[in-house]
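Read off the chains here:
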Amino acid sequence: MKDYKEEPQPRSLTVKDFDPEDRPREKALKYGCGVLSTPDLWAIILRTGTVGKPITEICRDVMRECNGKLRELERLSHEQVLKVKGLGQAKALQIEAVMELVRRYTREGIGQRFKITASKDIYTLMREEIGNLPHEEIWAIYLNQRNEVVHYMKITQGSAVASIFDIKKILKEALLRDAQGLAMCHNHPSGNLNPSIQDDQITQKMREGAKAMDLRFLDHVIVTSGGYYSYNDQGRL
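Cut-offs used in this document
- Residues numbered from 1 in each chain as written.
- Predicted model: local features only at pLDDT ≥ 70, side-chain atom pairs only at ≥ 80, totals over all residues.
- Heavy atoms only, no water.
- Core = buried A, V, L, I, M, F, W, Y, C linked by side-chain atoms within 4.5 Å.
- Buried < 20%, exposed > 50% of the residue type's maximum accessible area, 1.4 Å probe, protein only.
- Helix = DSSP H or I, 4+ residues; strand = E, 2+ residues; numbered from the N terminus.
- Contact = heavy atoms within 4.5 Å.
- Pairing = 2+ DSSP bridges.
- Axes fitted to C-alpha atoms, helices over the stretch in contact; angles between N-to-C directions.
- Phe/Tyr/Trp six-rings, centres within 6.5 Å; stacked < 30°, edge-to-face > 60°.

**Student:** I'd like a description of the nonpolar core, backed by residues and values.
**Tutor:** Core analysis: the biggest nonpolar cluster contains 18 residues, and Tyr-142, Ile-155, Phe-165, Ile-170, Leu-182, Met-184 and Met-206 have the highest contact counts within it. Broken down by secondary-structure element, the contributors of at least two residues to this core are strand 1 (136–143), strand 2 (149–158), helix 8 (167–176), strand 3 (181–187) and helix 9 (197–212). Considering every element that reaches this core, the biggest residue donor is helix 8, with 4 residues. Filtering out sequence-adjacent residues up to four positions away, Leu-182 remains in contact with Ile-141, Tyr-142, Leu-143, Ile-170, Ala-174, Met-206, Leu-215, Arg-216, Phe-217, Leu-218 and Asp-219. With 17 residues, the next largest nonpolar core counts Ile-122, Leu-133, Val-149 and Val-221 among its residues.

The following block contains the structure:
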């Protein structure tokens, strides 16, 4: 009787299985990473695909999911990333880790003694931190006498931040940091830069609180990934 032979199990495809011209790693070594597409760069990081689906195809699917834009990829939740066929928990975490490294790299370039001389400086400081978030956050920026940033921190997060805005938390931190001035910043996930009635209310509240504490209130800036609105520039402080 003829013995049954165990059928070989299909294995996950890697970039080594492709034609040399289609291997992102080989292309990067030969020409540099700058010639690679964004999906090819992800393929080098994520390395292995699944049965019947190479990693380059999975990475193209990832970028299609966010219209080819890394800023849209950053806004995807962990669960949304997992919906891309071929991505498991480990690869989803790899993607999130890379995006976090990008954010930290950007923050390093700003430095600890970043000086605020205009509303654009607040936008530069906070754009990468909150400009592309899918939810709303309010941040306070604390300044010394020379308008150098001594600290900045998140005050509130959520869909109804105006209703839980805590001015006491902001002013207490100003005293602890021996701040001489402060500014406020929050994001609009919708991309709409027009301030709401609630935005006006918390701006007024912050202005009055800062005045009572003899603190300079420089500005309240609304940030999106594509631009900003300044209460000070609009003459509303």
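**Student:** Run through the pairing of strand 2, naming residues and quoting values.
**Tutor:** As judged from the 8 bridges shared by strand 1 and strand 2, these two strands associate in the antiparallel manner. Paired with Tyr-142 across the two strands is His-151, which belongs to strand 2. Linking strand 1 back to strand 2 in an antiparallel pair, the connection comprises 5 residues, with Asn-147 at a positive phi of about 65°.

**Student:** An account of the sheet that holds strand 3 is needed here, citing residue identities and associated values.
**Tutor:** Pairing is mixed across the open sheet formed by 5 strands, whose spatial order is 2-1-3-4-5. Since the sheet does not close on itself, it has two edges, and those belong to strand 2 and strand 5 (227–230), each with one partner. Taking each pair of neighbouring strands and ignoring which way they run, the sheet shows an average axis angle of 20°. Pairing of strand 4 (residues 216–224) with strand 5, which is carried by 4 bridges, proceeds in the antiparallel orientation. Residue pairing in the sheet places Val-221 in a bridge with Ser-230 of strand 5. Together, strand 1, strand 2 and strand 3 form the strand contacts of helix 8, whose direction differs from that of strand 2 by roughly 160°. Along the sheet, helix 9 makes contact with strand 1, strand 3 and strand 4, crossing strand 4 at roughly 155°.

**Student:** A description of the environment of Gly-68 should follow, citing residues and the corresponding values.
**Tutor:** Tracing the backbone shows Gly-68 in the loop between helix 3 (55–65) and helix 4 (70–75). Taking the relative accessible area as the measure of exposure, Gly-68 reaches 47% and is therefore partly exposed. Spatially, the C-alpha atom of Gly-68 lies 8.1 Å from that of Thr-38, the residues being 30 residues apart in sequence.

**Student:** Kindly report on the packing of aromatic side chains, identifying the contributing residues and their values.
**Tutor:** The full count for this structure, using the stated rule, is 3 aromatic pairs. A ring pair is formed by Tyr-229 and Tyr-231, whose centres lie 5.4 Å apart and whose planes are at 85°; its orientation type is edge-to-face. The residues Tyr-229 and Tyr-231 share a single accessibility class, namely buried.

Distances and angles like these do not, on their own, reveal function.
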